[in-house]
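Here's the letter readout for the chains.
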Amino acid sequence: MTVPVKVWDMPVRLFHWGLAGCIAVCWVSADELQSLHEFSGYAAAALVGVRLVLGTVGNRYARFAQFVRSPRQTAAYAIAVLRHRDHRYLGHNPLGAAMVLLLLLMVAAVAYTGWLQTTDAYWGVEWVEEVHETLADLLLVAIALHVAGVIHASFRHRENLALAMVTGRKRAPVSGDIDH
């Protein structure tokens, strides 16, 4: 039996679950509790800023340079997944990395369009509200895909990735696993 290794440090885990909580609060409070909705949106935007910092100066597995792959490598990994020939990654796999970037971008865009609605120039402008709501709906679709990917990878590699994002630990790498 191998000893689990530390992959996700506390700042990354707090970011992840904090962002999930902020998005849930934003979704629940969207129509009824405007002050809470705005506060949670600003908190989500701040968390995206924190994650950008962690992506450049954080620990090994938090750094974008460690896990972001080229479009070609990501497509090759997607094909490997479809063929059930994908390798286990100790950090983010290429599809997970693409999802991290997509989710960060989408949360930033939703927060930005939400903030625009509070400015004098865009307050009450219908198209800004519609873009904000459409982006929020698309964010929920992306989150569903993220969860589906986590479930798939958890079963495929026999490792509870949601639990790893709570404990910070994953199974130690074995032959064939990728740790870079």
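For the structure, check the block above.
Overview of the structure. Keep in mind that this is a model prediction, so the values were computed, not measured. Throughout this description, residue numbers start from 1 for each chain and increase along the sequence as written. Selection of residues for local features in this predicted model requires a pLDDT of at least 70, selection of side-chain atom pairs for listing and counting requires 80 or more, and totals for whole chains, interfaces and linings are taken over all residues. Side-chain figures throughout are based on the complete set of non-hydrogen atoms in the structure, without hydrogens or water.

A few points about the packing of helix 1 (residues 10-29) against helix 2 (residues 34-57)
At step 1: For helices, the fitted axis covers only the stretch in contact; all axes are lines through C-alpha atoms, and the angles between them, taken along N-to-C directions, range from 0 to 180 degrees. Per the convention used, a helix needs a DSSP run of H or I reaching at least four residues, while a strand needs a run of E reaching at least two, with both numbered from the N terminus. At a minimum axis distance of 8 Å, the contact between helix 1 and helix 2 shows a crossing angle of 155 degrees. Regarding the angle of helix 1 to helix 2, the classification is roughly antiparallel. Between helix 1 and helix 2 lies a crossing whose hand is left-handed. Residues Pro11, Val12, Phe15, Gly18, Leu19, Cys22, Val25, Cys26 and Ser29 of helix 1 pack against Gln34, Leu36, His37, Ser40, Gly41, Ala43, Ala44, Leu47, Val48, Arg51 and Leu54 of helix 2.
At step 2: Note that Gly is not counted as nonpolar here; it falls among the polar residues with everything else outside the nonpolar set of Ala, Val, Leu, Ile, Met, Phe, Trp, Tyr, Cys and Pro and the charged set of Asp, Glu, Lys and Arg. Split by residue class, the contact of helix 1 with helix 2 holds 13 nonpolar, six polar and one charged. We call two directions roughly parallel when the angle between them is under 35 degrees, roughly antiparallel when it is over 145, roughly perpendicular when it lies between 65 and 115, and oblique otherwise. Each crossing gets its hand from how the near helix is turned against the far one by less than a right angle, where anticlockwise is left-handed and clockwise is right-handed. We call two residues contacting when some pair of their heavy atoms lies within 4.5 Å.

Concerning the pattern of salt bridges
At step 1: A carboxyl oxygen of Asp or Glu within 4 Å of a side-chain nitrogen of Lys or Arg is what we treat as a salt bridge. Counted according to the given criterion, the structure contains four salt bridges.
At step 2: The salt bridge partner of Asp179 is Arg60, with a shortest N-O separation of 3.5 Å. Pair noted here: Asp179 is in the segment after strand 2 (169-170) and Arg60 is in the loop between helix 2 and helix 3 (64-67), with a separation of 119 residues, a long-range link.
At step 3: For Asp179, a relative accessible area of 27% translates into the label partly exposed.
At step 4: A salt bridge links Arg88 to Asp177, with the nearest nitrogen and oxygen atoms 2.6 Å apart. Relative accessibility under 20% of the residue-type maximum defines a buried residue, over 50% an exposed one, and the middle range a partly exposed one, all with a 1.4 Å probe and only protein chains included.

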